[in-house]
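Single-letter residue listing:
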Amino acid sequence: MGQSAEFGQFLRVMRARMQPEAIGLPTTSTARRVAGLRREEVAQLAGVSTDYYTRLEQGRQIRPSQAVVDAVARALQLDATERAHMLDLLHNCPPRSQSPAPVQRVRAGLWQLLDAIGDTPALVLGRRTDVLSSNRMANLLFTDFSELPVRERNLSRWIILEPGARELFRDWKAVAAETVAALRVDVGRHPNDPQANQLVGELAVTSEHFRQWWAGHHVTTRPSGTVRLHHPIVGDLELDFETMALPDDGDQSLRIYSTKPESPSLDALRLLSSWAHSESTGDHPSEHLRSGDVDVEASPTGGESKHNPQR
């Protein structure tokens, strides 16, 4: 499927989600043959002919003007992320020959930063939601991605396919759907990435949830939010996250998880850090973990990072 066809499919899904009464069209007792708006209704709202809009949805090789794109976006009531995704689908057509995607590398300064904030969970995410690096506390909280095969070091893949992730995220469906929406943004920006196409194909074959979410064409780039976890060692936590794009590489971002001061979640993170330190030194405090008597004041940083920036 070419990118123009993907652009047309996106328009069809966005049109189908709209309710006629929401844009002031009169409701009738006659059942509509299509979900959402008709093509002619969107065309009228956008100020273009029905034939022209139909050709857009059919994925014809036409290049609408910026004014037409803006009018269609308004007619379909797209938000800023959806509009940007529509432009990606329109303009980022794959080349005739596809070259392998360049290897993603993390700057040495970022490795140092992740180690320096070792008791604050942090990840460096790259293209396709690949996990390029994670610090000690992120490994304890989620999983040690560096221990996985290279092709499995991907946040979307882990959240959707790993049974432990379903148990970890208390709102797993919402988290997984949002991760798929973020992956769709990346695929729209880089349609000629064979690794992304392989990832989407694997997830579509393996997960019914993924197939439904992918077909919905939802997109998001939410930079901050809250996740609720149930960790097998320390129980329930609530973490706020901030995702910051890195200025020297627009395809990489730093995601940091934090807890509110003096909260039970902060105590749980400290407990998890203390437990990991005890495991590494051979002092197994399993009885204390069950009784809740472990001293959580100490928050050791542990050993050196397992990640190799040269990989």
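Keep in mind that this is a model prediction, so the values were computed, not measured.

The rules behind each value
Residues numbered from 1 in each chain as written. Predicted model: local features only at pLDDT ≥ 70, side-chain atom pairs only at ≥ 80, totals over all residues. Heavy atoms only, no water. Helix = DSSP H or I, 4+ residues; strand = E, 2+ residues; numbered from the N terminus. Contact = heavy atoms within 4.5 Å. Areas by Shrake-Rupley, 256 points an atom, 1.4 Å probe, with all protein chains shown as cover. Pairing = 2+ DSSP bridges. Axes fitted to C-alpha atoms, helices over the stretch in contact; angles between N-to-C directions. Salt bridge = Lys/Arg side-chain N within 4 Å of Asp/Glu carboxyl O. Buried < 20%, exposed > 50% of the residue type's maximum accessible area, 1.4 Å probe, protein only. Core = buried A, V, L, I, M, F, W, Y, C linked by side-chain atoms within 4.5 Å. Phe/Tyr/Trp six-rings, centres within 6.5 Å; stacked < 30°, edge-to-face > 60°. Lys NZ or Arg CZ within 6 Å of the ring centre and 35° of its normal.

Draft legend 1. Quick peek at the overall build of the protein chain. For the protein chain, the count of helices and strands is 14 helices and five strands. In the protein chain, 58% of the contacts between residues at least 6 apart in sequence involve partners at least 24 apart. Put simply, the protein chain shows about 16,300 Å² of open surface, and 50% of that area lies on carbon and sulfur atoms.

Draft legend 2. Broad picture of the pairing of strand β4 (residues 235-246). Taken together, the eight bridges between strand β3 (residues 224-231) and β4 define a ladder with antiparallel strand orientation. Following the sheet pairing, V227 is matched in β4 by L239. Counting the residues in the hairpin turn of β3 and β4 gives three residues. Bridging between β4 and strand β5 (residues 249-258) involves seven bridges; their strand directions are antiparallel.

Draft legend 3. Representation of the sheet that holds strand β1 (residues 122-125) in the model. The five strands are arranged β2-β1-β5-β4-β3 in an open sheet whose pairing can be described as antiparallel. Among the strands making up the open sheet, the edge pair consists of β2 (131-134) and β3. Across the sheet, the mean angle separating the axes of adjacent strands is 25 degrees when strand polarity is ignored. The strands touched by helix α6 (residues 108-116) within the sheet are β1, β2, β4 and β5, with β2 carrying the most contacts at an inclination of about 45 degrees.

Draft legend 4. Representation of the side chain of R184. Mapped onto the elements of the fold, R184 is located in helix α10 (residues 172-189). Each residue touching R184, except ones within four places of it in the same chain, is listed here: E6, H85, W214, H217, H218 and V219.

Draft legend 5. Up close: the pattern of salt bridges. By the definition in use, this model includes 21 salt bridges. With a shortest N-O distance of 3.4 Å, R55 and D51 are connected by a salt bridge. Note that R55 and D51 are positioned in helix α3 (residues 50-57) at a spacing of four residues, about one turn of the helix. Assessed through its relative accessible area of 26%, R55 is described here as partly exposed. One salt bridge connects R157 with E152, and the closest N-O pair in it is separated by 3.9 Å. Given the relative accessible area of 12%, R157 is considered buried.

Draft legend 6. Spotlight on the environment of L246. For L246, the position within the fold is in strand β4. C-alpha of L246 to C-alpha of V124: the two residues are 122 residues apart in sequence and 9.5 Å apart in space. Other than its neighbours up to four places away in sequence, L246 contacts L110, Q252, S253 and L254.

Draft legend 7. Structural view of the nonpolar core. Within the largest apolar cluster, 39 residues are counted, with the highest numbers of intra-cluster contacts made by F142, W158, F169 and L229. Considering each element in turn, this core owes the most residues, six residues, to α10. Residues within four places of F169 in sequence aside, it is in contact with F142, W158, I159, V175, R228 and L229.

Draft legend 8. Region of interest: the packing of aromatic side chains. Going through the model one piece at a time under the given rule, you end up with eight aromatic pairs. A ring pair is formed by W158 and F169, whose centres lie 6.3 Å apart and whose planes are at 70 degrees; its orientation type is edge-to-face. Of this pair, W158 sits in helix α8 (residues 155-161) while F169 sits in the loop between α9 (163-168) and α10, and the two are eleven residues apart along the sequence. The class for W158 is buried, based on a relative accessible area of 8%. Connected via pairs of aromatic rings, a cluster forms that spans F142, F145, W158, F169, F241 and Y257. In this structure, R166 packs its charged tip against the face of W172, placed 4.0 Å from the ring centre. Just above the ring of F241 sits the side chain of R255; from NZ or CZ to the centre is 5.2 Å.

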